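# Structural characterization, general
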Amino acid sequence: MALTTGIVGLPNVGKSTLFNAITQAGAESANYPFCTIDPNVGIVDVPDSRLQKLTELVNPKKTVPTHFEFTDIAGIVKGASKGEGLGNQFLSHIRQVDAISHVVRCFDDENITHVSGKVDPIDDIETINLELIFADMDTIEKRIARVEKLARQKDKEASYEFEILSKLKAAFEAEQPARSVELTKEEKKIVQGLHLLTMKPVLYVANVAEEDLLEGGNELVERVRDYAANENAEVIVISAKVESEIAELEGEEKQAFLEELGIEESGLDQLIRAAYNLLGLATYFTAGEQEVRAWTFRQGTKAPQAAGIIHTDFERGFIRAEVVSYEDLVEAGSMGVARENGKVRLEGKEYVVVDGDVIHFRFNV
């Protein structure tokens, strides 16, 4: 399932340092604007302790986690919507992602230049949000010019669309993103084809110094939290510098470092999970002697479509699904005992898959 979240922010807020830590892909990082021009794409494992537990129960030949994709998008500056700082190119990269992880600088460091000359996370957020709104306003106005005439001629479809576009335009004029506008499912279908930047779900990533990470943030982070609360958005607090150090460690060495810092899990694991949830994604598992594997699906997916994620033949020839919840399987200790205890269910084509389901699909092609 090729869904991706774009890492955006002003230049020199720590985006590429964070991206390197997430993917260990070696994206270029330097202390000057526009060191990242082409978007770097990295694929990362989704952390899930359930996968390890299932591996212990089943003892398969291999274990395969599910994956998630991050795109590192070059720093945006004021005027990007008008082409400043290669803005049009960068905005087109944002248009191609499904969600936005907005990295905000919440640390002072005289050795790292801030593009506006001061550290002000709210000003940084609003600078980028306004550029995205301006770009969307341009899209809306062009579309309005095409449907307004037909709407005046009482064309029913054009009139319906014109009303929706007018609501969005009013929001943009009030400097509000498209996602803040209440739209019905039908209205969203109309808007979907416009690929509006501000319709994409957002989470804020507050990048702090190591000493502030241990305190859970600082005054600048609190300002970001207050801002995000008004959008019902989540805030993840990380130190990109610390995460780059954690990313070089594995196993017990990594765990010892986390304990030394006094944190339970890395900020990257929190970010990956938050980005995964932001897109309404969930995980089901397949478990057998050959492999235990995690699969990503959209919440609300029915069993045949979930089977199709493995292979199109599974969906085409779907018969039924044998399902046991992760919790029931762990409690039983084995699939055999879970079956004896009546915890393994047979589900048909209308079954909506639930996060944590362990599934064996029956199909015939």
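Note that residues are indexed from 1 along each chain, following the sequence as it is written. Local features in a predicted model are, by the rule used here, given only for residues with pLDDT of at least 70; side-chain atom pairs are given and counted only at 80 or more, and totals for whole chains, interfaces and linings are based on all residues. Where side-chain values are given, they derive from all heavy atoms of the structure, hydrogens and water being excluded.

Let's shift gears to the pairing of strand E9 (residues 291-298). Buried, partly exposed and exposed residues are distinguished by accessible area as a fraction of the type maximum, computed with a 1.4 Å probe on protein chains only: under 20%, between the cut-offs, and over 50%, respectively. Secondary structure counts use DSSP, requiring at least four H or I residues in a row for a helix and at least two E residues in a row for a strand, with both numbered from the N terminus. For E9, a buried count of six out of eight residues is recorded, marking the element as mostly surrounded by other parts of the structure. Pairing between strands is defined by DSSP: at least two bridges between the two strands are required. One ladder, built from three bridges, connects strand E3 (residues 62-64) with E9; its direction is parallel. Across the sheet, Lys62 pairs through a bridge with Glu291, a residue of E9. Where strand E8 (residues 281-287) meets E9, seven bridges bridge the pair, whose relative direction is antiparallel. Pairing of Phe285 across the sheet is with Ala294, part of E9. Connecting E8 to the antiparallel partner E9 that follows it, the hairpin turn spans three residues.

Another point: the sheet that holds strand E1 (residues 4-8). An order of E2-E4-E1-E5-E6-E7 is seen for the six strands of this open sheet, with the pairing classed as mixed. Each edge of the open sheet carries a strand with a single partner, namely strand E2 (40-45) and strand E7 (235-238). Within the sheet, the average angular offset between the axes of one strand and its neighbour, ignoring direction, is 25 degrees. Note that E2 and strand E4 (residues 67-72) share six bridges and pair antiparallel. What sits directly across from Val41, in E4, is Thr71. By definition in these notes, contact holds between two residues if any of their heavy atoms fall within 4.5 Å. Where helices are involved, their axes are fitted lines through C-alpha atoms of the stretch in contact, as for all axes, and angles between N-to-C directions lie from 0 to 180°. Contacting E1, E2, E4, strand E5 (99-105), strand E6 (202-207) and E7, helix H11 (residues 267-278) runs over the sheet at an angle of about 170 degrees to E6.

The next subject is the pattern of salt bridges. Any carboxyl oxygen of Asp or Glu that lies within 4 Å of a side-chain nitrogen of Lys or Arg is treated as forming a salt bridge with it. Under the definition given, this model contains 21 salt bridges. For Glu186, the salt bridge goes to Lys189, with nearest N and O atoms at 3.6 Å. Of this pair, Glu186 and Lys189 both sit in helix H6 (residues 185-192), three residues apart, which is roughly one turn of the helix. Glu350 is the salt-bridge partner of Lys302, the closest N and O atoms lying 2.5 Å from each other. One end of the pair, Lys302, is in the loop between E9 and helix H12 (303-310); the other, Glu350, is in the loop between strand E11 (345-347) and strand E12 (357-363), with 48 residues separating them in the sequence.

Turning our attention to helix H4 (residues 121-152). Expected helix span is given by 1.5 Å per residue-to-residue step, counting one fewer step than there are residues. Over its 32 residues, H4 runs 44 Å from end to end, which matches the ideal 46 Å to within 8%, given 1.5 Å per residue. Two axes enter the bend calculation: one fitted to the seven residues ending at the residue in question, the other to the seven starting there, and the bend is the angle between them. Helix geometry: H4 is bent most strongly at Arg146, by close to 35 degrees. The first or second residue beyond H4 is Lys154, which carries a positive phi of 70 degrees.

Right, let's talk about the environment of Ala21 for a bit. Relative to the assigned elements, Ala21 resides in helix H1 (residues 15-23). As a C-alpha pair, Ala21 and Glu248 span 227 residues in sequence and 8.2 Å in three-dimensional space.

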